[in-house]
Amino acid sequence: MDLTTFLIQCLNSVQYGLLLFLVASGLTLIFGIMGVINLAHGSFYMVGAYMAFTLASLTGSFALALLLGLVLAVVFGYLLEWVFFSFLYEREHLQQVLMTYGLILVFEELRSLIVGDDVHGVAVPAWLAGGVPIGHDMSYPVYRLFISAVCLAVALGMYLLLKKTRLGMTIRAGSVNREMVQSLGVNITLLYRLVFAGGVALAVLAGMIAAPVSSVYPGMGAQVLIICFVVVVIGGIGSVKGALVAALLIGFVDTFGKVFWQQAAGALVYLLMAAILLWRPEGLFKPSQS
Amino acid sequence: MKTRIAWIAAFALLALLPGLPEPIGTAFHLELGAQVLTMAIFALSLQLLVGCTGLVSLGHAAYFGAAAYVVAMLAPQSEAGNGWWLLAASVGGAALLALLIGLLVMRTRGVYFIMVTLAFAQLVYFVVHDTSGFGGSDGAYIYFRPEFRLGGALLFDLQKPAHFYWFTLASCGLTVSGLGMVLRSRLGHAFAGIRHNEQRMRAAGFPTVAYKLASFVIAGGFAGLAGFLYAVRNGFVNPEILSWHQSGNALLMVILGGLGSLAGAMAGAVSFVLLSEWFQSLTKHWQLLMGGFIIGSVALLPHGLVGGFRALRRTRPAAREIAR
């Protein structure tokens, strides 16, 4: 492997890792703040990808589709929390697992009913097509760099929102003691609903920007969900910082695993998780450090 | 004692199914019955873990599938294999896998446990899926149903639907009585103690990790029994039986039926299999109905079918466990 290929694989790893982070951060936020295990989180990613496909062909503009999709995602998440999740907080984790498992089945079938079971491709928009030359004869697609940039921007925005604003402070306080925050006059129900909508929007955004690269296919939600579990477990459940580190780690292990050891690539990330859990049973970053 | 008589009566009634007249006792119904009983064994094994020890595993399909693959790999290609040996190998293999994974996952608890068991089941899935020796995504065939001989005589002729049904029923009966025995023993009481308050059990001097591991291995072994029956009945295994949907379905049966009781796991398995058969006969998009049913039952029946049944007739104290 020469230096150019190595560089390209590194960029691929970072792009894949950041995309995973975008999905996993929503999962870990919803768990860390609201204490809900959301198995249906992968479905939101799938919904995002299909939304990019449908909206891009309807509006004819990828940027417009992204914008419209985000708005729809927030509304979707808000309604979903209201109807299906608001009564789950008091219940055991087991019931949340079951409920969200039921939601996965419903989402998959609705997708099959509305859009069908075909695999679709989404075209890269013209203003992001083309490549950046690397070395003499290789080039790296601009669109993949765009994905990384969007993910980094979202990560930065999330950090600022959670750590530097009053809203973020209230959200963090709500994760520690719901009743206390409520008695201080904060509408915690609304706050949770917004956090949930935000988490859904993160997964939908990830699905939308991933669509041109990964194409759009049935079952893409389950695949990303499981790998996000690995990310969240390695990083420490509830820790956004941990999710970022773990997602990048998985990005590198998976990408280079596919290059060097094709047969075992599928199992490699799970082996990594096993090794890390033997060393640190609660993940790399404990939730209190998030 | 009363519940034991109820169990015996229930199994005796079930054993009569092949003898019933034409519209009921057909090969189709025996096949369906064997399928229901196989899933019931699977659900019972998970009940020990989830309902009785308080360990929520979302990777139970790994042991079910591993046992099925052991049968597919070890069964001879050109003749019927020795059933006793295949059964022992598949159950032992599943228990061994549960021991290996259990040693690793026992370091975690709560939500981590759910996710980590899921991830290990995925690991097993990918190993089977990506290794060509296991047949990859196409799976592998079992050409002859194994023979169970005692001395020289054929004990069960598994080619006949009625014999296979009885064999499955006997396995299910063994599972119920075996798990019932475990639950009544000192071991089972320790499991219940761990479910209620692990810290207190540790303070009382119980090595809780070893107890939890024991529960995990026993559950894995019985899941292996279900996997064995599945593989023999279908004559075919593919990686889908290791997938997390299978684990999710098992968890669903347990919660649907009611946590903590063996009767609950049976009720959950029976209603789940029959419901999914019914939904599949209605529409191609049957998962939509299934999903709606799951959501509805979580919202309306927080204590499962058995809990709902108990709420309907308050003649017995609700705290008493049906299994005891």
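Being a predicted model, the structure only gives us computed values, none of them experimental. (Residues numbered from 1 in each chain as written. Chains lettered and ligands numbered in written order. Predicted model: local features only at pLDDT ≥ 70, side-chain atom pairs only at ≥ 80, totals over all residues.)

Novice: Mind showing me how you'd approach the overall build of chain B here?
Specialist: A count of helices and strands for chain B gives 13 helices and 4 strands. In terms of overall dimensions, chain B is globule-like: its C-alpha atoms have a radius of gyration of 19 Å, near the 20 Å expected for 324 residues. Across the 324 residues that make up chain B, the buried fraction comes to 48%. A sequence separation of at least 24 residues applies to 78% of the contacts in chain B between residues at least 6 apart. (Helix = DSSP H or I, 4+ residues; strand = E, 2+ residues; numbered from the N terminus. Rg over C-alpha atoms; globule rule 2.2 N^0.38 Å. Buried ≥ 20, exposed ≤ 12 C-beta atoms within 10 Å, placed from the backbone. Contact = placed C-beta atoms within 7 Å.)

Novice: What's the story with the interface of chain A and chain B in this structure? I'm lost.
Specialist: With 33 residues of chain A at the interface, the matching set in chain B holds 34 residues. Sort the elements by how many residues they give to the side of chain A that touches chain B and helix α4 (residues 93-114) of chain A lands first, with 16 residues. A breakdown of the residues in the side of chain A that touches chain B according to their chemical character gives 23 nonpolar, 6 polar and 4 charged. (Nonpolar A, V, L, I, M, F, W, Y, C, P; charged D, E, K, R; others polar.)

Novice: Looking at this structure, I do not really get the packing of helix α1 (residues 3-34) of chain A against helix α8 (residues 188-214) of chain A. What am I missing?
Specialist: Each pair of packed helices can be described by the angle between their axes along with the distance between the axes. Residue and element names in this part refer to chain A. Axis separation between α1 and α8 bottoms out at 8 Å; the angle between their running directions is 165°. One way to sum up the angle between α1 and α8 is to call them roughly antiparallel. The handedness of the crossing between α1 and α8 is left-handed. In this structure, α1 uses Leu19, Leu22, Val23, Ser25, Gly26, Leu29, Ile30, Ile33 and Met34 to contact α8, whose residues at the interface are Tyr192, Val195, Phe196, Gly199, Val200, Leu202, Ala203, Leu205, Ala206 and Ala210. Classifying every residue of the contact of α1 with α8 gives 16 nonpolar, 3 polar and no charged. (Axes fitted to C-alpha atoms, helices over the stretch in contact; angles between N-to-C directions. Parallel < 35°, antiparallel > 145°, perpendicular 65-115°, else oblique. Left-handed = near helix turned anticlockwise from the far one by under 90°.)

Novice: What am I meant to see in the confidence of the model for chain B here?
Specialist: Parts of the prediction with low pLDDT should not have their coordinates interpreted in detail. Confidence in the prediction of chain B, expressed as mean pLDDT, is 86, and 96% of residues score 70 or more. In the predicted complex, the global pTM is 0.85; the interface-specific ipTM is 0.79. (pLDDT = per-residue confidence, 0-100.)

Novice: Before we go on, may I ask you to explain unusual backbone geometry in this structure?
Specialist: Keep in mind that most residues, glycine aside, have a negative phi and that most peptide bonds are trans. Phi at serine 215 of chain A is positive, roughly 65°, even though this residue is not glycine. By secondary structure assignment, the location of serine 215 of chain A is in the loop between α8 and α9 (220-235).

Novice: So what exactly am I meant to see when it comes to the pairing of strand β1 (residues 131-134) of chain A here?
Specialist: Residues and elements named next belong to chain A. Summarising the sheet, β1 and strand β2 (residues 138-141) pair through 4 bridges and their orientation is antiparallel. Considered in β2, the bridge of proline 133 is made with serine 139. Where β1 folds back onto β2 in an antiparallel hairpin, the turn is made up of 3 residues, including glycine 135, whose phi is positive at roughly 65°. (Pairing = 2+ DSSP bridges.)

Novice: Honestly, helix α5 (residues 111-130) of chain B in this entry has me stumped. Any pointers?
Specialist: At 3.6 residues per turn, the α-helix brings residues three or four places apart onto the same side. Here α5 of chain B is 20 residues long and its end C-alpha atoms lie 28 Å apart, about the 28 Å a rise of 1.5 Å per residue gives. Burial analysis of α5 of chain B places 16 of its 20 residues in the buried class, which makes it a mostly covered element. (Expected span 1.5 Å × (residues − 1).)

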